[in-house]
Amino acid sequence: MNRDQLQKFVQYLISAHHTEVLPTAQRLADEILLLGSEINLVHGAPDPTAGAGIEDANCWHLDEEQIQEQVKQLLSNGGYYGASQQLRSMFSKVREMLRMRDSNGARMLILMTEQFLQDPRLALWRQQGAGMTDKCRQLWDELGALWVCVVLSPHCKPEEQAAWLQLLGKWDKLDVCPLEEGKYSFDGPSLQPTSAPSPGTRGEEEEEVATTSSRHTVFGRALQAGELHWSDTHLQRILTSDSYSPSLTGNMGGDKPTFDPQGRPLWLGEPFPTACARVDTLRAHGYPRQALRLAGAIVNTLRLQRRHQLESYKQQKKELLQKGSTCITNTEGWVGHPLDPIGCLCRALLEACRLEEEALILYPDSSPEKRKVAYQHVPVPGSPGESYLALALEVALLGLGQQRALPEGLYAQDKVVRNEEQLLALLEEVDLDERLVQVLRKQAGLLLEGGPFSGFGEVLFRESVPMHTCARYLFTALLPHDPDLAYRLALRAMRLPILETAFPAGEPHPNPLDSIMSNHFPRWFILGHLETRQCELASTMLTAAKGDPKWLHAVLGSIQQNIHSPALLFKLAQDACKTATPANAPPDTTLLGIALELGLQVMRMTLNTMTWRRREMVRWLVSCATEIGPQALMNIMQNWYSLFTPVEAATIVAVTGTTHATLLRLQLDTPQREELWACARTLALQCAMKDPQNCALPALTLCEKNHAAFEAAYQIVLDAAAGGLGHAHLFTVARYMEHRGLPLRAYKLATLALAQLSIAFNQDSHPAVNDVLWACSLSHSLGRHELSALVPLIIRSIHCAPMLSDILRRWTLSAPGLGPLGARRAAKPLGADRAPLCQLLDAAVAAYIATSHSRLTHISPRHYGDFIEFLGKARETFLLAPDGHLQFARFLENLKQTYKGKKKLMLLVRERFG
């Protein structure tokens, strides 16, 4: 603090505790003002916050109630991002206390754990059989990992460890205690560099792992850590010396090698995740040098193990390649493992290479949050030419590139993905210099040659975790330095073997626009995510290969072979088209061709499974073909039947392909333009023949400007009418013909439509009512001849009395139009009692009589009023005939006699009509 701040601090302190502090403050003030006092003879002043003496145990004050309340409160707000972040900060505080060797670190973790176990949601989730939320699951993982660090402490007293293990044992037995996800083994294979399991057969360890099914909670790893110790002589020598070598020890004997052929120490006989947990524990407890030495020994062991694996693979390579498949050599991956071994090792190695904060002031322009972590090469003692930075890169790639089975359960699979992304984010922070590029190249080569031990090997286990995310990083990093290696690696990684066994190359899967549903692969919960990552890798390669036909075609082949989701293929096609056509540069024709090829593949895959996205896809395909040129556009028109439905071809392809905008874009001369039009017309006519119901009208519209084509389209409609083309479609085309000024053709089609129509006595609101009235109006405008020809059709098709009387009334209002031969318009309107309308009048009267009897059979009193109105309309029609009055009277008399039992109704009839 500066002088002003200190003055304010003292004044506030005295004010807050004036009754207790004031006498002391006055005494101290007097002593300070007295020149020869003892207080003025001593330099500095006591500092109670500086901690105890160097020999004393560290122990800060811990407000237990506040910690419990805070954790409880944060867990109850578990849905919020801020709550998770604050709990993580508390975990970080525990790590900080462990690093300072503060004995309260473990105490704080106990308090937090007890609150976590009292979280009411645990019982609820268990009761409902539901999994806990992702955020909560991650916090429990961190809690479990912290307990491993506490129990494995290299300096704790035995009684302290016993007390922790007792607590952990008690928590472990609770019903609500969350289980560890992923069914990872607790006694997996140890690091054994001399006897690698055979890649062609299942190892004994794997059988053991596969059958382990005991209950393991998130505290299982910590309980197991209680069985570990630090007293091994070899381990102690690794930890205490940078120059530990065989010459210092003589021959240590024993049943396992302790050094590699180069004389560097190895750490064997312990599962790799356990060895890495030791490294994390050493870092956590403030032993960074020792952590680094052990990390170095583990890397030496991994390298030796890999060498032996490669040798064993070479001996069986021929047999394995002929077989074309392999059993998994690693049932458990290191990436996504509960102990995060690769992450622990990488962070320990990278931490040693971080530039100090002071050095980072060299880059003052960037804010601390956004500032890139700066690393430098730090040499590995006893290994000339090696650096911890290079080791970190090697270890990360070894873990990411490991061929391994996908773990069980949604969360465990999500964790694999998340862990991969975390490791790659660490690598992204490292700037690759020439030295690291060499490491990258060497590791990429080893991954390609790693056989069944590498996810990039030639032969894959069917359920191996795909390598797409790792390959994308490697591809981008290697591309500027070794493009050939970058492409080889990325193309090898495009595989997704779980899909290959189900669907041969190039075939769609059942629900084509979605990823394969989990019911086909109940274990692969994250398949959709993995397919998206595969697509991203392909997109990265396509973009990078722009301008290089050799690699573009190689990438296309890989996409067609390995990607089975049409939605993703379509996205790739769109991306490729976008990349191929920059705004201010000429297009890349090879890449455009690939975009079109992928688009065509999507069209073929989804042709028989219509989806809402098809219209968008078809439009895009036409625009992509337009970018390439007229020949590409005509090709898709000529081969439409394998790509589009008739409706798509006639309404989208033919129309969009001949719009003014398309023709302008293509910059065609007149003969070329005509050729394209002819192609579109041929397409439209073929569609009309295939599906006249939906394509006849689009075909006619498209062929308007070409007489021969228009006639052909019209003939298709006439032929289809005989083959069952419905009245609704015929009326639609008929109205179109009238609109185009072809009334006789319209009339012809209307008569064909009427011949197919049947409107019953009670169908007043039939959907074709307006079409019939339009047809009658058309015939009336054409002349008496056409009207006469329509009357028998009307009588045969329509049995609805109000409709018939409406038509009759309309036809009697005005004189019919000119005949087709141009005869003079008739002088006066037609009479209902004379030909040709007298037949229609008779039909209308007969319909009213029949309908009345039909309605009276089941009439209820509430419909009497409607029936009286109906009789009123009937009378209007009857009166159009010369003897209509008598006919109606006879009709009423007949009704009164027949339905005399309906007295109330007959009374109403007499009141209204006499």
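Residues numbered from 1 in each chain as written. Predicted model: local features only at pLDDT ≥ 70, side-chain atom pairs only at ≥ 80, totals over all residues. Heavy atoms only, no water.

Q: Quick question: what am I supposed to make of the confidence of the model for the chain here?
A: Any segment with low pLDDT has predicted coordinates that should not be analysed in fine detail. Across the chain, pLDDT averages 87, with 89% of residues at or above 70. The low-confidence segment residues 195-213 (pLDDT under 50) makes 29 contacts with residues lying over four places distant or belonging to another chain. (pLDDT = per-residue confidence, 0-100. Contact = heavy atoms within 4.5 Å.)

Q: Where do I start with the environment of Leu 146 in this structure?
A: Tracing the backbone shows Leu 146 in helix α8 (residues 134-151). The contact partners of Leu 146, leaving out residues within four places of it in the chain, are Phe 91, Val 94, Arg 95, Leu 98 and Leu 109. (Helix = DSSP H or I, 4+ residues; strand = E, 2+ residues; numbered from the N terminus.)

Q: Could you clarify how one ought to interpret the packing of helix α18 (residues 388-400) against helix α19 (residues 410-428) in this entry?
A: Between two packed helices, both the angle of their axes relative to each other and the distance between the axes serve to describe the pair. Close contact between α18 and α19 brings their axes to 11 Å; oriented N to C, the two are set at 155°. When the axis of α18 is compared with that of α19, the two are roughly antiparallel. Regarding α18 and α19, the two cross each other, and that crossing is left-handed. Together, Leu 393, Ala 396, Leu 397 and Leu 400 of α18 and Glu 420, Leu 423, Leu 424 and Leu 427 of α19 make up the contact between the two elements. Taken together, the residues of the contact of α18 with α19 sort by class into seven nonpolar, no polar and one charged. (Axes fitted to C-alpha atoms, helices over the stretch in contact; angles between N-to-C directions. Parallel < 35°, antiparallel > 145°, perpendicular 65-115°, else oblique. Left-handed = near helix turned anticlockwise from the far one by under 90°. Nonpolar A, V, L, I, M, F, W, Y, C, P; charged D, E, K, R; others polar.)

Q: Please clarify how the layout of surface pockets should be interpreted in this entry.
A: Unfilled space is identified by rolling a water-sized probe across the atoms. By volume, the largest pocket is sized at about 1,200 Å³. Lining the largest pocket are 31 residues; nearest its centre among them are Arg 95, Glu 142, Asp 280, Asp 340 and Arg 347. Secondary structure elements with two or more residues in the lining of the largest pocket: α5 (81-99), α8, α14 (272-284), α16 (341-351) and α19. Among the elements that take part in the lining of the largest pocket, α19 stands out by supplying seven residues, more than any other. Across the lining of the largest pocket, the residue classes tally to 12 nonpolar, six polar and 13 charged. (1 Å grid on protein atoms, 1.4 Å probe; cavity = no way out; pocket = protein on both sides within 12 Å on 5 of 7 lines; lining within 4 Å. Points joined across faces, edges and corners; volume = space filled by probe spheres on them.)

Q: How do you make sense of empty space enclosed by the protein when you look at a structure like this?
A: Per the stated rule, a full pass over the model turns up seven cavities of 30 Å³ or more. Here the largest cavity is characterised by a volume of approximately 200 Å³. What lines the largest cavity is a set of 15 residues, and nearest its centre among them are Arg 306, Gln 309, Leu 398, Phe 453 and Ser 454. Among the elements of the structure, α15 (288-323) and α20 (434-448) are those that each provide at least two residues to the lining of the largest cavity.

Q: Even after reading the chapter, I still don't get unusual backbone geometry, so can you show me in this structure?
A: For residues besides glycine, phi is generally negative; the peptide bonds are generally trans as well. Of note, the bond from Ala 835 into Pro 836 is cis; its omega dihedral lies within 30 degrees of zero at 5°. By the element assignment, Pro 836 lies in the loop between α39 (801-813) and α40 (837-857). Positioned with a positive phi, Arg 101 is a non-glycine residue whose angle comes to about 60°. Of note, Arg 101 is situated in the loop between α5 and α6 (104-117).

Q: Hey, could you run me through the environment of Leu 568 in this one?
A: The residue Leu 568 is located in helix α26 (residues 566-580) in this model. According to the relative accessible area criterion, Leu 568 is buried, its value standing at 11%. Residues Leu 568 and Gln 534 lie 34 residues apart in sequence; the distance between their C-alpha atoms is 9.2 Å. Apart from the residues within four sequence positions on either side, Leu 568 is in contact with Glu 531, Thr 532, Cys 535 and Ile 563. (Buried < 20%, exposed > 50% of the residue type's maximum accessible area, 1.4 Å probe, protein only.)

Q: Where do I start with the packing of aromatic side chains in this structure?
A: In this description, a pair of aromatic rings is defined by centroid distance and the angle of the planes. Tallied over the entire structure, the rule returns 17 aromatic pairs. Considering the side-chain rings of Tyr 848 and Phe 870, the 5.1 Å spacing of their centres and the 55° angle between planes classify their relative orientation as tilted. With Tyr 848 in helix α40 and Phe 870 in helix α41 (residues 864-878), this pair connects stretches of sequence that are 22 residues apart. With respect to burial, Tyr 848 and Phe 870 carry one shared label: buried. Ring-pair connections join several aromatic residues into one group, and the members of that group are Phe 91, Phe 116, Trp 140, Trp 147, Trp 171 and Phe 219. Stacked on the ring of Trp 230, the Lys or Arg Arg 278 has its end atom at 4.9 Å from the ring centre. We note Arg 855 situated over the ring of Phe 870; from NZ or CZ to the ring centre the distance is 4.8 Å. (Phe/Tyr/Trp six-rings, centres within 6.5 Å; stacked < 30°, edge-to-face > 60°. Lys NZ or Arg CZ within 6 Å of the ring centre and 35° of its normal.)

Q: Is there a simple way to explain the nonpolar core in this structure?
A: The nonpolar side chains of a soluble globular protein tend to be buried, and buried together. Among the nonpolar cores identified, the biggest contains 263 residues, and Trp 147 and Ile 794 are the most heavily contacted of them. Residue contacts for Trp 147: discarding those within four places in its chain leaves Ala 106, Leu 109, Ile 110, Thr 113, Trp 164, Leu 168, Trp 171, Phe 219 and Ala 222. Core analysis: the next-biggest nonpolar cluster, separate from the first, contains 12 residues, Val 417, Ile 498, Leu 527 and Leu 530 among them. (Core = buried A, V, L, I, M, F, W, Y, C linked by side-chain atoms within 4.5 Å.)

Q: What is the right way to look at helix α25 (residues 549-562) in this model?
A: Think of an α-helix as turning once every 3.6 residues; residues three or four places apart then point the same way. The terminal C-alpha atoms of α25 lie 20 Å apart, and with 14 residues this matches the ideal 20 Å at 1.5 Å per residue to within 8%. Buried within α25 are the following residues: Trp 551, Leu 552, Val 555, Leu 556, Ser 558, Ile 559 and Asn 562. Along the axis of α25, the buried positions cluster into a sector of 165°, meaning they face one direction only. In this structure, the buried residues of α25 make contact with α22 (483-493), α23 (497-500), α24 (527-544), α26 and α27 (589-606). (Expected span 1.5 Å × (residues − 1). Arc of directions from axis to C-beta.)

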